[in-house]
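Listed below, chain by chain, are the residues.
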Amino acid sequence: QVQLVESGGGLVQPGGSLSLSCAASGSGLGLYVMGWYRQAPGKQRDLVAHITSRGGTTYAASVKDRFTISRDDAKNTVYLQMNSLKCEETGMYYCKARRSDTNDDYWGQGTQVTGAS
């Protein structure tokens, strides 16, 4: 079983950048598809981006060309680089690991991203 801890959230000006990290322990990441999700207050949790064990990536249409997901399996860490942030992208950002052979999902506790007005 994998445990996930997100970090890197904070207050950001519109148009600014943040880099989120998701550190995994308890298991190597080689068997997992990793994803980042955003949940705004009162809204459902939506996919932002995910990356396969081979490095294939998928992005929500709204973040494509601004956000970049990457992984370093040697460091058991997944990253989300967010550029040109918009106010509506405020929310809790969660990391998820889906095990490829069982489809079991594991979630972190989230890291808060807040747009400064």
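Residues numbered from 1 in each chain as written. Predicted model: local features only at pLDDT ≥ 70, side-chain atom pairs only at ≥ 80, totals over all residues. Heavy atoms only, no water.

Caption draft 1: Molecular detail of the nonpolar core. Formed by 26 residues in total, the largest nonpolar core has its most connected members in Met34, Trp36, Leu80, Met82 and Tyr93. At the level of secondary structure, the elements contributing two or more residues to this core comprise strand 3 (18-25), strand 4 (32-39), strand 5 (45-51), strand 7 (67-72), strand 8 (77-82) and strand 9 (91-99). Counting residues per element, this core draws most heavily on strand 3, at 4 residues. For Tyr93, the residues in contact, after removing those within four places along its chain, are Glu6, Leu20, Trp36, Tyr37, Arg38, Val48, Phe67, Leu80, Met82, Gly110, Thr111 and Val113. (Core = buried A, V, L, I, M, F, W, Y, C linked by side-chain atoms within 4.5 Å. Buried < 20%, exposed > 50% of the residue type's maximum accessible area, 1.4 Å probe, protein only. Helix = DSSP H or I, 4+ residues; strand = E, 2+ residues; numbered from the N terminus. Contact = heavy atoms within 4.5 Å.)

Caption draft 2: Quick look at the environment of Ser21. Relative to the assigned elements, Ser21 resides in strand 3. For the pair Ser21 and Ile69, spaced 48 residues apart in sequence, the C-alpha to C-alpha distance is 9.8 Å.

Caption draft 3: Structural view of the state of the cysteines. Here the structure, examined in full by the defined rule, presents 1 disulfide. Disulfide pairing is shown between Cys22 and Cys95; the S-S distance is 2.1 Å. Across the S-S bond of Cys22 and Cys95 the torsion is about -80 degrees, and the bridge reads as left-handed. Of this pair, Cys22 sits in strand 3 while Cys95 sits in strand 9, and the two are 73 residues apart along the sequence. By relative accessible area, Cys22 is classed as buried at 1%. (Disulfide = S-S within 2.5 Å.)

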